[in-house]
Amino acid sequence: MEQLDERPFPPGDYDVVLVGSGPGGLQTAYSLARTGIPRCAVISRDPAPGGMFRRFPVYQRLISWTKPDAPFERGTREYEWYDHNSLVGDEREHQALAPEFMDRAFDVPARHEMEAALVEFALRGGVRIRYGCEWLSTRRDDAGFVLETSDGEYRCRVCVFAIGVTEPWVAPIPGLDAAPHYVSAKAPERYQGKSVFIVGKRNSGFELAQGLLPWARRIVLGSPRPVDTARLAFSPLSMRYLSPYTEHIRGGTGSYVVDAAIERVERHGDGYRIHASGTTWEGELELESDEVIAATGFRAPVRDLPGVGVAMVNDRRMPAQTPYWESISVPGIYFAGNVTQASPGLRKHGATSSSGSVNGFRYNACVLAQHIAEKHFGLARERRRLDGDEVVPHLLGELAHAPELWTQKGYLARVVVVDPAGAFRDDGIVPLADFVDRDGGDACAVAVEYDADGTIIPVVYLWRGGRLAEHSLPPHPLHTFDTGEHRRQLAACLAPLLSRHARASRV
C-alpha cells in the first residue's frame, strides 16, 4: 500500500485535477478513481489527510453522531444513517471507520478521532494525493484550465475544488475586526472568571459558549436572529450546544442569548464595550465584557476564481453552483465538500441541505464523480433494468432505509427512468432539483422530506407526458415508510407510469 508521504501526480496534463484533502476531497478522489477517468490528479497544500479536522472544531468535540452499535451491521449501506462521520466506500474495509477510533465516551467523535478515521480511509482506500502542493492561481486556456501551484503547472479539462469553507469571515460591524475570530479562540481555561461576549448564534458561537460554561463568569451571545426552537429540524444549529440557551431561558447561570443587532464594538480599558439594539425587543443595549469573540462564520478560500469568472453568493463567501455543484458561470469548474452547501436545492418550506456536513457532502461527492465521468468523458454507469413489478418495492425500500435520502432530506432523490425501449431503469441517486427541472421523458423519483410543520414524510415525483406531478405520502410515528399503506399509495401514484409500461409490454 502506498504510503501517505509519497508524492504522486507531478505537474503536467490531466483530465481532472482535484484540489483538497479534507473529507470532501478524500471522498471525491476515492469516487473519481472508480469511474474509469484515465488521468485524475489530486493535490493538497496540507501535509496529510484531514482538512479542517486537523484544526477544527476548536473545542475538540464534533456535533455529528456515530453509533458504534446500531440496528444494522457496520459496513452495510443501512448502517450509514447511524454513522454520520465516516466516508463511504465500495468495500467493507473502507466503510464505517469512524467508530473504530471512538472511545465511546460520547456518541460523537473527538476531533483527533475524526482525523484518525480520515487518515485510515485514505490508507485503506488507496487515495493517492500529492501533499505539500499548494494551489496558487488559476487561468483558462483553449484546452481547459491551468492551475499554478507551488510545484508547477497542472493543466486539465475539468477541475474540482474541495477547499472547504474555512477562511474566517467577519461581519462588517465597526470595531469587530479588532476582536479575535472563532479560529483564534483560546483554550477554555484561559477565560476563567471572565465575561465573554460572542457575536453570533450558530454552531460556532454555541460551541464556544458550551465549552466556556465551566470557566467563564458570564457569557452573552448576540446576533439579530432569534433561536427558533420550533424549527430546529430545519436549522444548522446543533441541539448538542444548546445548554447556554436553556440556561438563558431559565434565568440561570450567567448565560444570556440576546436578539440584537451589534452596532459597534469598542476597546474599553482592558476589555470591550458593545453597543447593540434589540431586534425582537425594543431598546438599546450597552455592556462591557472582558473578551469578545467573532463567531460570524467562514468563507471559501477561492483565491482568484472570481477573476476567471466564477460567480459568488452569500455575501461573496461561496461560489454559486448548479444542482451538480458546477460553477453557474464557468463550466468545467466543480466544487466538493462543505462548499457544496452553496447549491441550495429546492429549499421547500425553508429546509436546508446537509451539504455543510460530512454526512451530506459525502453523498454529493459520489454523485459528482459519476456526473463528471458521464458528462465530460462519456463514461456512462450501468443502469440496472427493473421489471414493472419491481419498481414499487425498490422505491419503497429506498424510502425506508436509503441513507442518502434520510441524510439529504429534500435534496437527493432515488430515480427510476423509462428508457427509449419502454423499460424501467434504476437511475440511482440524483439531486432532486435536477430531477424536477428535467424534461427528458417519463420517470419517477422518491425523496424523504419535511412538510411545512417539520414532520418527516415521503414524497413521490412523477414525470409523464412532459408534466410533473408531486404526491406526499403519510408520515409514520416511527418513520416506517414501507408499510402496506405506503405500498398501496406509492403504487397508486405510479399507476400512470406502470400501466403505460404494462400496455407497452403487451404490444
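Bear in mind that the values here come from a model prediction, so they are computed numbers and not experimental data. (Residues numbered from 1 in each chain as written. Predicted model: local features only at pLDDT ≥ 70, side-chain atom pairs only at ≥ 80, totals over all residues. Heavy atoms only, no water.)

Student: Can you break down the pattern of salt bridges residue by residue, with the values?
Tutor: All told, the structure shown has 36 salt bridges when counted by the stated rule. The partner of R111 in a salt bridge is E115, and the shortest N-O contact between them spans 2.8 Å. Of this pair, R111 and E115 both sit in helix α2 (residues 111-124), 4 residues apart, which is roughly one turn of that helix. On the basis of relative accessibility, which here comes to 19%, the residue E115 falls in the buried class. (Salt bridge = Lys/Arg side-chain N within 4 Å of Asp/Glu carboxyl O. Helix = DSSP H or I, 4+ residues; strand = E, 2+ residues; numbered from the N terminus. Buried < 20%, exposed > 50% of the residue type's maximum accessible area, 1.4 Å probe, protein only.)

Student: Could you give an account of unusual backbone geometry, naming the residues involved and the relevant values?
Tutor: Cis geometry is found at the peptide bond from F56 to P57, where omega equals 0 degrees. By the element assignment, P57 lies in the loop between β2 (40-43) and α2. You will see that R316, though not glycine, has its phi angle at about 60 degrees, which is positive. For R316, the position within the fold is in the loop between β14 (312-313) and β15 (318-319). Even without a glycine there, the phi angle at W325 is positive, about 65 degrees. For W325, the position within the fold is in the loop between β15 and β16 (333-335). W325 sits in the buried class, given a relative accessible area of 0%.

Student: Which residues make up the packing of aromatic side chains, and what values do they have?
Tutor: Tallied over the entire structure, the rule returns 13 aromatic pairs. Seen from their ring centres, F56 and Y182 are 6.0 Å apart, and the 55 degrees between their planes marks the pair as tilted. Of this pair, F56 sits in the loop between β2 and α2 while Y182 sits in the loop between β6 (167-168) and β7 (195-199), and the two are 126 residues apart along the sequence. Given the relative accessible area of 4%, Y182 is considered buried. An aromatic cluster is present here, built from W65, W81, W406 and F481 joined pairwise through their rings. The ring of Y191 has K186 lying over it, and the distance from NZ or CZ to the ring centre is 5.1 Å. For the cation-ring pair, R267 lies above Y272, with the distance from its terminal atom to the ring centre recorded as 4.3 Å. (Phe/Tyr/Trp six-rings, centres within 6.5 Å; stacked < 30°, edge-to-face > 60°. Lys NZ or Arg CZ within 6 Å of the ring centre and 35° of its normal.)

Student: Describe the side chain of R317, listing the residues and the values that go with them.
Tutor: Note on placement: R317 falls in the loop between β14 and β15. One buried charge, R317, has no salt-bridge partner; the nearest side chain with opposite charge is D315, at 4.5 Å. Non-local contacts of R317, meaning those with residues more than four positions away in its chain, are made with W169, T296, G297, F298, R299, A300 and M312. (Lys, Arg positive; Asp, Glu negative; His and termini not counted. Contact = heavy atoms within 4.5 Å.)

Student: Can you break down α2 residue by residue, with the values?
Tutor: With 14 residues, α2 extends 20 Å from end C-alpha to end C-alpha; this agrees with the ideal 20 Å at 1.5 Å per step. In this structure, the buried residues of α2 make contact with α1 (23-32) and α5 (358-377). The first or second residue beyond α2 is G126, which carries a positive phi of 60 degrees. (Expected span 1.5 Å × (residues − 1).)

Student: I'd like to hear about the sheet that holds strand β19 (residues 424-431), residue by residue, with values.
Tutor: Pairing between sheet strands relies on hydrogen bonds along the backbone, with the strands arranged either parallel or antiparallel. Taken in spatial order, the 6 strands line up as β17-β19-β18-β20-β21-β22 in an open sheet, and their pairing is antiparallel. Bordering the open sheet on either side are β17 (385-386) and β22 (467-472), each of which pairs with just one other strand. Note: strand β18 (residues 412-418) against strand β20 (residues 443-450), 4 bridges, orientation antiparallel. Directly across from V416, in β20, lies its bridge partner C444. Along the sheet, helix α6 (residues 391-401) makes contact with β17, β18, β19, β20 and β21 (456-464), crossing β20 at roughly 25 degrees. (Pairing = 2+ DSSP bridges. Axes fitted to C-alpha atoms, helices over the stretch in contact; angles between N-to-C directions.)

Student: Give a detailed account of the sheet that holds strand β9 (residues 255-268), specifying residues and quantitative values.
Tutor: With respect to topology, 6 strands assemble into an open sheet ordered β11-β10-β9-β8-β7-β12, the strand pairing being mixed. Only two strands of the sheet have a single neighbouring strand rather than two, namely β11 (284-289) and β12 (291-294). Pairwise comparison of adjacent strand axes, ignoring direction, gives a mean angle of 40 degrees for this sheet. Pairing of β7 with β12, which is carried by 4 bridges, proceeds in the parallel orientation. Considered in β12, the bridge of V199 is made with A294.

Student: Quick rundown of the layout of surface pockets? Include the residues and the values.
Tutor: By volume, the second largest pocket is sized at about 880 Å³. Counting residues per element, the ones that place at least two in the lining of the second largest pocket are α1, α5 and β19. Per-element accounting of the lining of the second largest pocket gives the leading share, 8 residues, to α5. (1 Å grid on protein atoms, 1.4 Å probe; cavity = no way out; pocket = protein on both sides within 12 Å on 5 of 7 lines; lining within 4 Å. Points joined across faces, edges and corners; volume = space filled by probe spheres on them.)

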